[in-house]
Amino acid sequence: MPTEPKLKRFNQNVLSKYQIYNSIFMTLPFDTITKTVVLLPLFYETCKIGFQNHEDPTTIVNTFFKKYQARRSEQSQINLLFRFIQYIERQVVLFDAVEDAAFPVVNNMEGIGTLRSLKENAQAENKTELLRQYLESFKVRIVLTAHPTQFYPGTVLGIITDLAEAIKTDNLTEINSLLGQLGKTPFFKDKKPTPYDEAVNLIWYLKNVFYHSFGGIYDYVQTNIFEDKEIENSIINIGFWPGGDRDGNPFVTPQITLDVARKLKESVIKNYIKDVKYLRRRLTFKGIRERVINLNHRLHNTLLHKELSSRITLSEFRQELKDIRDILVKEHQSLFVDKVTTLLNRTNLFGYHFASLDIRQDSRVHDQMFRALVKELIDHKTDFFSEDFFELPLNKQLNHLSEIKGIISDDIQFKDEMAINIVETIRAMKTIQDKNGEVACNRYIISNNQTTLNVLQLFAMLKVIAFGENLTADVVPLFETVTDLEASPTVMEELYTNSIYRKHLEERGNKQTIMLGFSDGTKDGGYLMANWAIFKAKEALTELSRKYNIDVIFFDGRGGPPARGGGKTHQFYASLGPTIEDKEIQLTIQGQTISSNFGTVDSSQYNMEQLISSGISNRLNDKNLEMSDEDKEVMNHLASLSYEAYVDFKKHPKFLSYLEHMSTLKYYAKTNIGSRPSKRGKSEGLVFADLRAIPFVGSWSQLKQNVPGFYGVGTALKHYEDRGEFEKVQHLFKESKFFRTLIANSMMSLSKSFFNLTRYMSEDPEYGEFWQVIYKEYETSKRLILQLTGFEELMEDEPVSKASIDVRESIVLPLLTIQQYALKKIQELEKAEVKDEEQIKTFEKMVTRSLFGNINASRNSA
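Definitions and cut-offs
- Residue positions are counted from 1 within each chain, in the order its sequence is given.
- Two thresholds apply to this predicted model, a pLDDT of at least 70 for residue-level local features and 80 or more for giving and counting side-chain atom pairs, whereas whole-chain, interface and lining totals are computed over all residues.
- By convention in this description, side-chain values take in all heavy atoms of the structure and omit both hydrogens and water.
- A run of H or I in DSSP becomes a helix once it reaches four residues, and a run of E becomes a strand once it reaches two; helices and strands are each numbered from the N terminus.
- Note on method: radius of gyration uses C-alpha positions; expected globular size equals 2.2 Å times residues raised to 0.38.
- The buried label goes to any residue with under 20% of its type's maximum accessible area, the exposed label to any with over 50%, and the partly exposed label to all in between, with areas taken from a 1.4 Å probe on protein chains only.
- Working definition of a nonpolar core: buried Ala, Val, Leu, Ile, Met, Phe, Trp, Tyr and Cys residues. They are joined through side-chain atoms within 4.5 Å.
- In this description, contact between two residues means that some pair of their heavy atoms is separated by no more than 4.5 Å.
- When DSSP finds at least two bridges between two strands, those strands are taken to pair.
- Working convention: axes come from line fits to C-alpha atoms, limited for helices to the stretch in contact. Angles between N-to-C directions cover 0 to 180 degrees.
- Salt bridges are defined by distance alone: a side-chain nitrogen of Lys or Arg within 4 Å of a carboxyl oxygen of Asp or Glu.
- You can read pLDDT as the predictor saying how much it trusts each residue, on a scale of 0 to 100.
- Working rule for handedness: look at the near helix, and if it is turned counterclockwise from the far one by less than a right angle, call the crossing left-handed; if clockwise, right-handed.
- Under the grouping applied here, Gly and all other residues not named as nonpolar or charged are polar, the nonpolar ones being Ala, Val, Leu, Ile, Met, Phe, Trp, Tyr, Cys and Pro and the charged ones Asp, Glu, Lys and Arg.
- Here a pair means two rings of Phe, Tyr or Trp (six-membered ring of Trp) with centres within 6.5 Å. Their orientation is stacked below 30 degrees between planes, edge-to-face above 60, and tilted elsewhere.
- A positively charged side chain is recorded as over a ring if its NZ (Lys) or CZ (Arg) lies within 6 Å of the ring centre. The angle to the ring normal must also be within 35 degrees.
- Clockwise travel from the first strand over the helix to the second, with the strands pointing away from the viewer, marks a crossover as right-handed.
- Here the arc refers to the set of directions running from the helix axis out to each C-beta atom.
- In this scheme, roughly parallel covers angles under 35 degrees and roughly antiparallel covers those over 145, while 65 to 115 is roughly perpendicular and the rest are oblique.

1. What to know about the overall build of the protein
Scanning the protein for helices and strands turns up 33 helices and eight strands. Computed over the C-alpha atoms, the radius of gyration of the protein is 28 Å, within 12% of the 29 Å expected from 2.2 N^0.38 for a compact globule of 862 residues. Here the C-alpha coordinates of the protein stretch approximately 75 × 75 × 60 Å along the principal axes. When the 862 residues of the protein are sorted by exposure, 62% land in the buried category.

2. Points about the nonpolar core
Membership of the largest hydrophobic core comes to 267 residues, with the highest contact counts inside it found for Phe 240 and Trp 700. Not counting residues within four places of it along the chain, the set of residues in contact with Phe 240 comprises Val 143, Leu 144, Ala 199, Leu 202, Ile 203, Leu 206, Val 260, Leu 264, Ala 355, Ser 356, Leu 357 and Asp 358. Val 143, Val 476, Leu 478 and Met 515 belong to the second largest nonpolar core, which has seven residues in total.

3. Structural notes on the environment of Glu 320
By the secondary structure assignment, Glu 320 is in helix 12 (residues 314-331). On the basis of relative accessibility, which here comes to 17%, the residue Glu 320 falls in the buried class. The sequence separation of Glu 320 and Phe 336 amounts to 16 residues, and the corresponding C-alpha distance is 16 Å.

4. Some points on the sheet that holds strand 6 (residues 511-517)
Strand order in this closed barrel of eight strands is 1-2-3-4-5-6-7-8, and the pairing throughout is parallel. Within the sheet, the average angular offset between the axes of one strand and its neighbour, ignoring direction, is 25°. Docked against the sheet, helix 10 (residues 254-282) engages strand 2 (236-240) and strand 3 (356-362), running at close to 160° with respect to strand 3.

5. Looking at the pattern of salt bridges
Scanning the entire structure with this criterion turns up 47 salt bridges. A salt bridge links Asp 602 to Lys 168, with the shortest nitrogen-to-oxygen separation between them at 3.5 Å. Of this pair, Asp 602 sits in helix 24 (residues 601-620) while Lys 168 sits in helix 7 (residues 154-168), and the two are 434 residues apart along the sequence. You can call Lys 168 partly exposed: its relative accessible area is 37%. One salt bridge connects Lys 704 with Glu 809, and the closest N-O pair in it is separated by 2.8 Å. Pair noted here: Lys 704 is in the loop between helix 27 (693-702) and helix 28 (713-722) and Glu 809 is in helix 32 (residues 799-831), with a separation of 105 residues, a long-range link.

6. Considerations on unusual backbone geometry
Even without being a glycine, Asn 126 presents a positive backbone phi close to 55°. Note on Asn 126: relative accessible area 74%, which makes it exposed. With phi around 60°, Lys 704 is a residue other than glycine that occupies positive phi space.

7. Thoughts on the confidence of the model for the protein
In the predicted model, the protein carries a mean pLDDT of 89, and 92% of its residues have values of at least 70. Counted against residues more than four places away or in other chains, residues 560-566, with its pLDDT under 50, gives 39 contacts.

8. Section: the packing of helix 17 (residues 452-467) against helix 19 (residues 499-507)
At a minimum axis separation of 12 Å, helix 17 and helix 19 run at an interaxial angle of 65°. Judged by the sense of rotation from one axis to the other, the crossing of helix 17 with helix 19 is left-handed. Between helix 17, through Val 455, Leu 456, Phe 459 and Lys 463, and helix 19, the contact on the second element is made entirely by Ile 500, Tyr 501 and His 504. Residue composition of the contact of helix 17 with helix 19, by class: five nonpolar, one polar and one charged.

9. So, the pairing of strand 2
Extensive coverage of strand 2 is indicated by the burial of five of its five residues. In terms of strand pairing, strand 1 (residues 139-144) meets strand 2 through five bridges, oriented parallel. Of the residues in strand 2, the one forming a bridge with Val 140 is Ile 236.

10. With respect to the packing of aromatic side chains
All chains considered together, the criterion is met by 45 aromatic pairs. Where Phe 103 meets Tyr 606, the ring centres are 5.4 Å apart and the plane angle is 75°; that geometry is what we call edge-to-face. A residue pair is termed long-range when its members are at least 10 positions apart, and Phe 103 in helix 4 (residues 74-106) and Tyr 606 in helix 24 qualify at 503 residues. Of the two residues, Phe 103 and Tyr 606, both sit in the buried class. One aromatic cluster is present, formed by Phe 649, Phe 655, Tyr 658, Phe 696, Trp 700, Tyr 711, Tyr 767 and Phe 770 through successive ring pairs. In this structure, Lys 654 is placed above the aromatic ring of Tyr 767, and the distance from its NZ or CZ to the ring centre is 5.8 Å. In this structure, Lys 845 packs its charged tip against the face of Phe 82, placed 5.7 Å from the ring centre.

11. What to know about the pairing of strand 4 (residues 443-447)
A large share of strand 4 lies buried, amounting to five of its five residues. With five bridges connecting them, strand 3 and strand 4 associate as parallel partners. Of the residues in strand 4, the one forming a bridge with Ile 359 is Tyr 444. Note that strand 4 and strand 5 (residues 474-479) share four bridges and pair parallel. In the sheet register, Arg 443 faces strand 5, and the bridge partner there is Asp 474. Remark: the strand 4/helix 17/strand 5 crossover connection has right-handed handedness.

12. Concerning the environment of Gln 397
Inspection of the secondary structure puts Gln 397 in helix 15 (residues 394-403). The exposure class assigned to Gln 397 is buried, which follows from its relative accessible area of 9%. Between the C-alpha atom of Gln 397 and that of Thr 522, which follows or precedes it by 125 residues, the distance is 34 Å. Among all residues touching Gln 397, those that are not within four sequence positions of it are Phe 389, Phe 390, Leu 392 and Leu 453.

13. What about helix 6 (residues 128-135)?
Three or more residues of helix 6 are buried, namely Leu 131, Arg 132, Tyr 134 and Leu 135. Burial along helix 6 is one-sided: seen end-on, the buried residues are contained in an arc of 160°. On the buried face of helix 6, the contacting elements are helix 5 (115-124), helix 9 (195-225) and helix 24.

14. Focus: helix 5
Every buried residue of helix 5 is listed here: Leu 115, Ser 117, Leu 118, Lys 119 and Ala 122. Summarising the contacts, the buried residues of helix 5 are in contact with helix 6, helix 9 and helix 24. Where helix 5 terminates, the next one or two residues include Asn 126, which has phi positive at roughly 55°.

15. Some points on the packing of helix 21 (residues 527-547) against helix 30 (residues 737-751)
In contact at an axis separation of 11 Å, helix 21 and helix 30 are set at 150° when each is read in the N-to-C sense. The angle between the axes of helix 21 and helix 30 places the two elements in the roughly antiparallel class. Considering only the axes of helix 21 and helix 30, their crossing is right-handed. Residue-level inspection shows Tyr 527, Leu 528, Asn 531, Trp 532 and Phe 535 of helix 21 in contact with helix 30, the latter providing Phe 738, Thr 741, Leu 742, Asn 745 and Ser 746.

Below you can see the structure in the form of structure tokens.
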């Protein structure tokens, strides 16, 4: 029987099922739900028709109450709007669950981009041995971040998982109960989570998703590509930022870092115990059963920190599994040997660390810490630094930092908080390595890295505080702004030509990891320029590293939306040519992107396979050609034009005040979803440099304007149209996968924009002209992208993604209307001669509550 088209599978298994289960949800016997569900469809229609007629949100809300609920008091009207918000939040959860349940049906789990497809293509082209060679050195690392764009509390995540499982089997009784539970479960967090809470929330995914999906991928590669032979490479691994990332987060302490590392170890051992218990039920053979029972006891003792002699080290655990497997092969006809191999593979992937905890801090904070540390070491009359160290010429400072030897005595008691923090943090790294293995915490990332001095300050501190000459940790500079990206090759060449730093790299496998920040790059330079600046930086850094025989590994700091390096991520990696090193793919995964792309075993396996396949096929593909000089010139010019347009936009006198007064920017900090502040600095007013990328991008998303994902693209394309040279851009689009991916991701941003929501702002005496500037760029970008692609409508080539976006946007349309209505009310109340503070608080709460459902529905909005 032929497979039905993907869109038809989506309509049958997602759209139809959602409508059925939503109707069940509407019939739940809760008083508040009954009244709400009767009125919500009427409110939705009022919103839909109202926006078609270019009405403003205030008029739409007032029309609804006048037409359908004329007798309600003002307070009763407000209460109903809050109930609409609560119900829509739960509709989003239901749609998430339905989509998760249908994932393996809608998506071809063995189609293009999967490991099976990769294997079969290699076989067809007689490249199987080449494929094995690549897989023996190629790695993909996804790094789960603490960035607060995930609004579901753990209780709701559990419901989504259980609901998806029940929907898979159409278990109506279970679905009914879970929908009832969903209706009663609170979504709103009364207080901010601690960094430790954030870590525990993400460890849920490690235990319930990645442990199984990554294990399954590794088993498949070993069985089907390596024909059951041992692989000398983990291929896939996980990085972890909650509890380690202290960039701008004063609440991450050295003790929290230690606590998170302990929790990671305990969590993976608990998973191993579950697997050993399964083996205990199966391996009931003489001579093996006793060994499995003993293994179970020793794992429990390790978990409970019993006396050392009763515990089991990781190497002992692995050896015992290998011995058991050998006995099964020799004496028991290899019965259940695959189950033992699966557990052995998981120990190779997850060790006793589960995920590698990265430490991250801003270079400017490091400089303060370093100065505090040096001052105290001088005060203690140590030999590490001379009293005139900071007066020395820069080259002498750099030489001293690279040549420094010795370890600070534990007897020295530091007084300065900055000095204490860096000392305890680096000692915590060493402690974690000793307890969980080196890979458990062996990277320190310097965000906002600008100079060689930034790197060597940290290099020296790592050595003198804890590691000495045996530095088992990597210093990872993070280049973010356009200026820093352009300067990055100079910084790295100074490091590569430093004999002592070079010796350190040789001891670390001759590898240097460099992180590149898409989020702040886009915030700084606009969409096209940020992506092109990173592309050029990667090319320059690849050429430089190859010159010095160093394997450079690029670690991409990506967010969920295209504006922060997200979107069709695997297409991005498949689009990189031979001028960019690609032996490893490393990227951050955060917030809703974790739940949407990796939230279930099926979606996690599928998207991870797509990433592996994009990297490997890039190397297997003979047609993977470098961009031509002519196309590079056009790309460079487009990036420059868009950059100029974006910088001019940022310089507009209303730019910051528009965000501050007309968007939800200041409400992000009130959502209690993340532990860190919403901006880096301590200034009272809004300073663009201090503004974090997440609330910046998220605020444009809430306005349904998505500026960071398209602004400047239209202006750049129009330049070529006006000069009668549009065919040059069309040639670039035809020949360059990289440019096609950029345009595809920008289309997604445009697709999620809805300017009728804020059209009323065009008549605002203060911000009307600024709104028109944004709308004009949107219209230009949309028109010329359609002309460039030859499409009739945006995302025409991705009908399923477009259909999913359309459903989600329709679900939250009433929510967005309520949000804009509340914002307008706040503006009116603020301007009143006598301010009604209670009313202002009520509508501010309404705005904050409306953030949740909209961000969860968007799945990659921030």
